[in-house]
Amino acid sequence: MTYRPYIESLIIVEILLNILSDFGMLVKRLVPVILRNFVYPHVKISDYNLCTTCSTRSGGGQWEGQEVANSMELSQVVKVLDTFAPTSYAGSWDNVGLLIEPPQKKPIKKILLTNDLTESVMDEAVSETVDMILSYHPPIFRPMKRFTSKSWKERIVLKCAAEGIALYSPHTSWDAIQGGINEWLLLPFGKVKDVEPCEQNYDTRSPQQYTLHLPNGESDTTSLQVNQQSLLQMLSERSASEQQAAKVIKHEAKPIPGVGPGRVANLETPISLNEAVDRVKKHLQLSHIRFALACGEDMAGSDVVKRVGVCAGSGGSVLAGVQANLILTGEMSHHEVLDFVHRGVSVILTDHSNTERGFHTHIREKLESLMDNKVNIMVSKVDRDPLQVM
């Protein structure tokens, strides 16, 4: 028996491998993709995190020697999102930030961006094998006492945990920031100036400061600027009479320029109400909107709209004190609309989420850039407003 053909085959294989050495990394990256999509399509990526540098699997669903070039740790993604829109900017009643952190750690490579995390969007996330869902509205809002399959929101929470998908919600922090949803709502009105939030946000992240006036002799006083802990400690070291004579002044929180819910702005070039309606429909990609004409106003007047107020979602309370010719929001009550039109303010209503959803496509590339293009962000294809015009 001769081994010559076998040896020659080995030599040929070695030569071919040397030729292909420059493409080794490409081959390593293609192998797991082929295995995942064609050989083992039934295996979920959340259970088997295929790597690019090995062929043996370690415990916990990971593969030894895992090397993922285009990915970020969950903590890094959260830091980017919190820097872009600090959660402290959100309404005090809101539930924002990281809502679900999977027990098993894995790199974040793909994020699904949606306005509402419905069950159909959840199925889309699983089908697209995403590692994280960025849901503008928080699906976890009111306290949950149990997690069963009876409630659709509870089913979503359970599915996120089972699939190892993280969940983050920015909600009103995106409303408040400069360059956020409300400033995006101003775009159809052309160039604007004197842009201000409808309500002002204040810096609540800095420690509360106090000025403490302490008696120093018969006529002199010592004034100190201290935080709450130092204030309590200093007062505790004083006698009862000194505590009674001391004066404490609480400092007001500082406003954060340009930050807060809603926006009001002056148009550099006034337009008619007809033109405003057409522009809003085009910007939000809607065939129909609801419109209330201000009492005594003319739809065709060329310079009727000089000042506008906008608020994503439900803006009745945020826009209540705004002085403008036209306001744009998703929804408000019948009586709120009547109040506005009798004040000489025309109203455009688009249904709640139609004032928000388009922003996701607008902001997607910026978020990817803030993550150094290490994470792929896709906008949901099935997310839509539950109300349809028939």
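Our structure is the block above this text.
For the chain, the count of helices and strands is twelve helices and 14 strands. Here the chain holds 390 residues, and the buried ones make up 40% of them. A sequence separation of at least 24 residues applies to 67% of the contacts in the chain between residues at least 6 apart. Accessible surface computed for the chain: about 22300 Å², of which carbon and sulfur atoms make up 52%.

Buried within helix α3 (residues 74–84) we find Leu74, Val77, Val78, Val80, Leu81 and Phe84. Angularly, the buried residues of α3 cover 160° about the axis, an arc narrow enough to put them on a single face. Along α3, the residues that are exposed and aim more than 90 degrees away from the buried face are Ser75, Lys79 and Thr83. Among the structural elements, β1 (97–100), β2 (110–114), β3 (132–135), β4 (166–169), α6 (172–176) and α12 (358–370) are those in contact with the buried residues of α3.

Overall, mixed pairing links the five strands, which are arranged β1-β4-β3-β2-β14 in an open sheet. For this open sheet the edge positions go to β1 and β14 (376–379), each flanked by a neighbour on one side alone. Strand-to-strand twist in this sheet, taken as the mean axis angle between neighbours without regard to direction, amounts to 25°. Relative to β4, β1 is paired through three bridges, and the arrangement is antiparallel. What sits directly across from Gly97, in β4, is Ser169. Relative to the sheet, helix α4 (residues 119–127) contacts β2, β3 and β14, its axis offset from that of β2 by approximately 165°.

Before going further, it helps to examine the side chain of Asp131. Relative to the assigned elements, Asp131 resides in the loop between α4 and β3. When its relative accessible area of 5% is taken as the criterion, Asp131 is described as buried. Beyond its immediate stretch of four places on either side in the chain, Asp131 contacts Lys106, Pro107, Ile108, Lys109, Lys110, Gly164, Ile165 and Ala166.

With mixed pairing, the six strands of this open sheet are ordered in space as β5-β9-β11-β12-β13-β10. The open sheet terminates on both sides in strands that have one partner only, identified here as β5 (192–196) and β10 (290–292). Between one strand axis and the next, the sheet turns through 20° on average, direction left out of account. The sheet contacts of helix α10 (residues 273–284) involve β9 (263–271), β10, β11 (305–314), β12 (326–331) and β13 (346–349), and relative to β9 the element is tilted by about 120°.

The space that makes up the second largest pocket amounts to roughly 500 Å³. Lining the second largest pocket we find 25 residues, and of these Asp116, His137, Pro138, Trp152 and Lys153 sit closest to its centre. A per-class count over the lining of the second largest pocket returns eleven nonpolar, six polar and eight charged.

Here the focus is the pairing of β12. Where burial is concerned, most of β12 is hidden: five out of the six residues are buried. In this structure, β11 lies alongside β12, joined through five bridges in parallel fashion. Counterpart to Cys311 in the pairing with β12 is Thr329. As defined by bridge partners, β12 adjoins β13 across four bridges and the pair is classed as parallel. When the bridges of β13 are listed, Leu328 appears paired with Ile348.

This part covers the pattern of salt bridges. Following the criterion strictly, the structure yields eleven salt bridges and no others. Its salt-bridge partner being Arg279, residue Glu275 comes within 2.9 Å of it at the nearest N-O pair. Residue Glu275 and its partner Arg279 are both found in helix α10; the two are separated by four residues, about one turn of the helix. We note a salt bridge from Arg364 to Glu368, for which the minimum N-O separation is 3.2 Å. Of this pair, Arg364 and Glu368 both sit in helix α12, separated by four residues, roughly a single helical turn. Residue classification places Glu368 among the buried positions, given a relative accessible area of 12%. When salt bridges with common partners are traced through the structure, they connect Asp116, Arg357 and Asp383 into a single cluster.

Criteria and cut-off values
Residues numbered from 1 in each chain as written. Predicted model: local features only at pLDDT ≥ 70, side-chain atom pairs only at ≥ 80, totals over all residues. Heavy atoms only, no water. Helix = DSSP H or I, 4+ residues; strand = E, 2+ residues; numbered from the N terminus. Buried < 20%, exposed > 50% of the residue type's maximum accessible area, 1.4 Å probe, protein only. Contact = heavy atoms within 4.5 Å. Areas by Shrake-Rupley, 256 points an atom, 1.4 Å probe, with all protein chains shown as cover. Arc of directions from axis to C-beta. Pairing = 2+ DSSP bridges. Axes fitted to C-alpha atoms, helices over the stretch in contact; angles between N-to-C directions. 1 Å grid on protein atoms, 1.4 Å probe; cavity = no way out; pocket = protein on both sides within 12 Å on 5 of 7 lines; lining within 4 Å. Points joined across faces, edges and corners; volume = space filled by probe spheres on them. Nonpolar A, V, L, I, M, F, W, Y, C, P; charged D, E, K, R; others polar. Salt bridge = Lys/Arg side-chain N within 4 Å of Asp/Glu carboxyl O.

Treat this as a map of the structure, not an account of what it does.
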